Amino acid sequence: MLSERLYQSIELMERYSIELAIDLLHRLDVIDRLGEWRSADELCHVLSFQPRFSFALGWILERLVETGCMEARTDGDTHFYHMRHAPWQPELERLRAVGLNIDPANAATLDLLDHAASLYPAVARGEQSGDHSLFGPQGILLWLNYFHNDNLTYAVNNWVSAMLAADRLSTRPRLRILELGAGAGSASKILVRWFDERGLLPQIERYLITEPNAFFRRRGQRDLAKQYPDLALEWGALDVNLPWDAQGVALGEFNLVYAVNVLHISKDLLFSLNQARSALTGNGWLVIGECLRPYVNQPIYPELMFQILESFTDVQTDSEIRPNPGFLTADHWRRAFTRAGFERVEVAPDIDSIREIYPHFFTGAICGQNTAASK
Ligand SMILES: C[S@@+](CC[C@H](N)C(=O)[O-])C[C@H]1O[C@@H](n2cnc3c(N)ncnc32)[C@H](O)[C@@H]1O
């Protein structure tokens, strides 16, 4: 799984997103405003952009800092930017060809990056909403291709999570699983496949797969029900932001609560983590896959695709566990799980060591056990 092809694909996506950031700096007319020191908020104001676009603009500016063309300084909590010299002409076509040569399945990520970037000017000016545009007819197909196990750079999220879940639960005689935000089922498919390979499928007594979007849910249901007709699969809709017991999730019912790339969009992270803990049996596990930011404030390529979504940015922040919307560091997740009362909290693989050698590995799974009285 952690192959040369994956490494090269990640490096390519990082570079491609930097080239898109340069391109956007021109298309948003930001480049001419950076002769003097400016913050992202100030730029949004002078360019009459939506104030909420400041988060995405900050990401673009940070990517330019990595090129050496932009200088940054910090005053209190505010970052200011200043252009040192003009950036090079982006080479998107050449890089796309390189990416497809590494792996033709990289088209899914390149297409979604391009599509998201094409929406930035209209979203900045408030002419379109990010959610509406990304989930429009064109966006939805790109979305399905991206969150697919043929897409190696995404599938790795599903693999690390499934492996951690199996490690934590393999000795249980009976398993009741609740999955959140299952989308079209890419994480569910890998979980079932990995449990199958480990001989754990007969232990599954109940697997409730939830997803609020009916279109995604039906796609996942269609594929999985056909492939595993004998498995005790159930489907439902669950919104992680609303009380779970009022949505048909019994307290203390599940040995595993599972979610891949979902909980970072929870409006109130502690609320959702507490709901997950309440849904678990006394020794049950919450296992989540998340895109992890190796270092605080480090911009990472997947953000380009998601940071124009209101659902991604409109969340409650907290200096200790969630200083920014979107992707968090392993430390933030450890603290959040611990504050929500989970024990034996761990992140796998060992992101803290990996980032010292390779700071562009963005994938991890976090687990924590509910040690409250058993049902
Ligand atoms: C990034 S996708 C991940 C999909 C799936 N886990 C996978 O890996 O293929 C996030 C999913 O969370 C769902 N979602 C969005 N808001 C949610 C909410 N408030 N509660 C539960 N799920 C939500 C979305 O519909 C989407 O399917």
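Calculation criteria
- Residues numbered from 1 in each chain as written.
- Predicted model: local features only at pLDDT ≥ 70, side-chain atom pairs only at ≥ 80, totals over all residues.
- Heavy atoms only, no water.
- Helix = DSSP H or I, 4+ residues; strand = E, 2+ residues; numbered from the N terminus.
- Rg over C-alpha atoms; globule rule 2.2 N^0.38 Å.
- Buried < 20%, exposed > 50% of the residue type's maximum accessible area, 1.4 Å probe, protein only.
- Contact = heavy atoms within 4.5 Å.
- Areas by Shrake-Rupley, 256 points an atom, 1.4 Å probe, with all protein chains shown as cover.
- Lys, Arg positive; Asp, Glu negative; His and termini not counted.
- Charge placed at Lys NZ, Arg CZ, Asp CG, Glu CD.
- Polar contact = N/O pair within 3.5 Å; in protein donor to acceptor, adjacent residues only side chain to side chain.
- Near = heavy atom within 4 Å.
- Phe/Tyr/Trp six-rings, centres within 6.5 Å; stacked < 30°, edge-to-face > 60°.
- Lys NZ or Arg CZ within 6 Å of the ring centre and 35° of its normal.
- Expected span 1.5 Å × (residues − 1).
- Pairing = 2+ DSSP bridges.
- Domains from an automatic or database assignment.
- Buried area = accessible area lost by both parts, 1.4 Å probe.
- Salt bridge = Lys/Arg side-chain N within 4 Å of Asp/Glu carboxyl O.
- Axes fitted to C-alpha atoms, helices over the stretch in contact; angles between N-to-C directions.

Regarding the overall build of the protein
For step 1, the next point in the chain: For the protein, the helix and strand inventory stands at 15 helices and ten strands.
For step 2, the next point in the chain: A globule of 375 residues ought to have a C-alpha radius of gyration of about 21 Å, and the protein, at 21 Å, matches this closely.
For step 3, the next point in the chain: For the protein, the spread of C-alpha atoms along the principal axes amounts to about 65 × 45 × 40 Å.
For step 4, the next point in the chain: For the protein, the proportion of its 375 residues judged to be buried stands at 57%.
For step 5, the next point in the chain: Long-range pairs, those at least 24 residues apart, make up 76% of the contacts in the protein between residues at least 6 apart in sequence.
For step 6, the next point in the chain: By element, 49% of the accessible surface of the protein is carried by carbon and sulfur atoms, the whole surface being about 15600 Å².
For step 7, the next point in the chain: Here the protein contributes 35 positive and 48 negative side-chain charges, whose respective centroids are spaced 5 Å apart.

Side note on the side chain of histidine 360
For step 1, the next point in the chain: Along the chain, the position of histidine 360 falls in the loop between helix 15 (351–357) and strand 10 (363–369).
For step 2, the next point in the chain: In terms of polar contacts, histidine 360 uses its side chain to reach the side chain of glutamate 11, at 2.7 Å.
For step 3, the next point in the chain: Not counting chain neighbours up to four residues away, the residues in contact with histidine 360 comprise Ile10, Glu11, Glu14 and Gln298.

Details of helix 7 (residues 137–146)
For step 1, the next point in the chain: Those residues of helix 7 not exposed but buried are Gly139, Ile140, Leu142, Trp143, Leu144 and Tyr146.
For step 2, the next point in the chain: At its buried positions, helix 7 is contacted by helix 5 (107–124), helix 6 (130–134), helix 8 (152–169), helix 10 (214–227) and helix 12 (302–306).

Let's talk about the site of the ligand
For step 1, the next point in the chain: In the region of the ligand, 18 residues are neighbours, and Tyr154, Ser186, Glu211, Asp239 and Val260 sit closest.
For step 2, the next point in the chain: Relative to its free-state accessible area of 590 Å², the ligand is covered by the protein chains to the extent of 88%.
For step 3, the next point in the chain: Contributing elements (two or more residues each) for the shell around the ligand: helix 8 and helix 9 (186–197).

What about the side chain of arginine 63?
For step 1, the next point in the chain: Tracing the backbone through its elements, the reader meets arginine 63 in helix 3 (residues 54–67).
For step 2, the next point in the chain: Classification of arginine 63 by relative accessible area gives buried; the value is 0%.
For step 3, the next point in the chain: Polar side-chain contacts of arginine 63 include one of 2.8 Å to the side chain of serine 17.
For step 4, the next point in the chain: Those residues in contact with arginine 63 that sit more than four places away from it in its chain are Glu14, Ser17, Ile18, Ala21, Pro299, Ile300 and Tyr301.

Regarding the packing of aromatic side chains
Two aromatic rings, taken as a pair, are described by how far apart their centres are and by the angle between their planes.
For step 1, the next point in the chain: Taken as a whole and assessed by the stated rule, the structure comprises 19 aromatic pairs.
For step 2, the next point in the chain: When the ring of tyrosine 146 is compared with that of phenylalanine 306, the centres are 6.0 Å apart and the planes differ by 65°; the resulting orientation is edge-to-face. Placement of the pair is tyrosine 146 in helix 7 and phenylalanine 306 in helix 12, with a sequence separation of 160 residues.
For step 3, the next point in the chain: Ring centres of phenylalanine 147 and tyrosine 154 lie 4.7 Å apart, and the angle between their planes is 85°; this geometry places the pair in the edge-to-face category.
For step 4, the next point in the chain: Every member of this aromatic cluster is reached through a ring pair, and the members are Phe135, Trp143, Tyr146, Phe147, Tyr154, Phe306, Phe312 and Phe327.
For step 5, the next point in the chain: It is arginine 73 that lies over the ring of tryptophan 37; its NZ or CZ is 4.9 Å from the centre.

Observations regarding helix 1 (residues 4–27)
For step 1, the next point in the chain: Here helix 1 contains 24 residues, and its C-alpha end-to-end distance of 34 Å stays within 8% of the 34 Å for a straight helix at 1.5 Å per residue.
For step 2, the next point in the chain: Within two residues after helix 1, aspartate 29 carries a phi angle of roughly 60°, on the positive side.

So, the pairing of strand 2 (residues 70–75)
For step 1, the next point in the chain: Of the strand pairs in this sheet, strand 2 and strand 3 (residues 78–83) are connected by six bridges, and their pairing is antiparallel. Paired with methionine 70 across the strands is methionine 83, a residue of strand 3.
For step 2, the next point in the chain: In this antiparallel pair of consecutive strands, strand 2 and strand 3, the connection spans two residues, and glycine 76 shows a positive phi of 65°.

Quick word on the domain arrangement of the protein
Reports of interface size often rely on the accessible area that becomes lost once the parts have come together.
For step 1, the next point in the chain: Considered domain by domain, the protein is made up of domain 1 (4–107) and domain 2 (152–369).
For step 2, the next point in the chain: Computed over C-alpha atoms, the centres of domain 1 and domain 2 are 29 Å apart.
For step 3, the next point in the chain: Residue-level contacts link 21 residues of domain 1 with 20 residues of domain 2.
For step 4, the next point in the chain: A combined buried area of about 1800 Å² lies between domain 1 and domain 2, and 69% of that area is made up of carbon and sulfur atoms.
For step 5, the next point in the chain: Across the domain 1-domain 2 interface, the total number found is one salt bridge.
For step 6, the next point in the chain: The closest approach of N and O atoms between arginine 52 and aspartate 314, which form a salt bridge, is 3.2 Å.
For step 7, the next point in the chain: Linking domain 1 with domain 2 are seven residue pairs in polar contact (both at pLDDT 80 or more).

Here's the deal with the sheet that holds strand 9 (residues 343–348)
For step 1, the next point in the chain: Spatial strand order, 6-5-4-7-8-10-9: seven strands in an open sheet with mixed pairing. Because the sheet does not close on itself, it has two edges, and the strands there are strand 6 (233–236) and strand 9. On average, each strand axis in the sheet is tilted by 15° relative to the strand beside it, whichever way the strands run.
For step 2, the next point in the chain: In the sheet, strand 4 (residues 175–180) pairs with strand 5 (residues 204–210) via five bridges, with the strands oriented parallel. Pairing of leucine 178 across the sheet is with leucine 208, part of strand 5.

Brief notes about the pattern of salt bridges
For step 1, the next point in the chain: Within this structure, the stated rule accounts for 25 salt bridges.
For step 2, the next point in the chain: As a salt-bridge pair, aspartate 352 and arginine 334 come within 2.8 Å of each other at their nearest N and O atoms. Placement of aspartate 352 in helix 15 and of arginine 334 in helix 14 (residues 330–339) is noted, with a sequence separation of 18 residues between them.

Section: unusual backbone geometry
For step 1, the next point in the chain: A cis amide bond links alanine 348 to the next residue, proline 349, at an omega of -5°.
For step 2, the next point in the chain: Relative to the assigned elements, proline 349 resides in the loop between strand 9 and helix 15.
For step 3, the next point in the chain: Here the phi dihedral of serine 48 falls at roughly 55°; this positive angle occurs in a residue that is not glycine.
For step 4, the next point in the chain: Positionally, serine 48 belongs in the loop between helix 2 (40–46) and helix 3.
For step 5, the next point in the chain: Given a relative accessible area of 57%, serine 48 falls into the exposed group.
For step 6, the next point in the chain: Positive phi, close to 60°, is recorded for asparagine 261, a residue that is not glycine.

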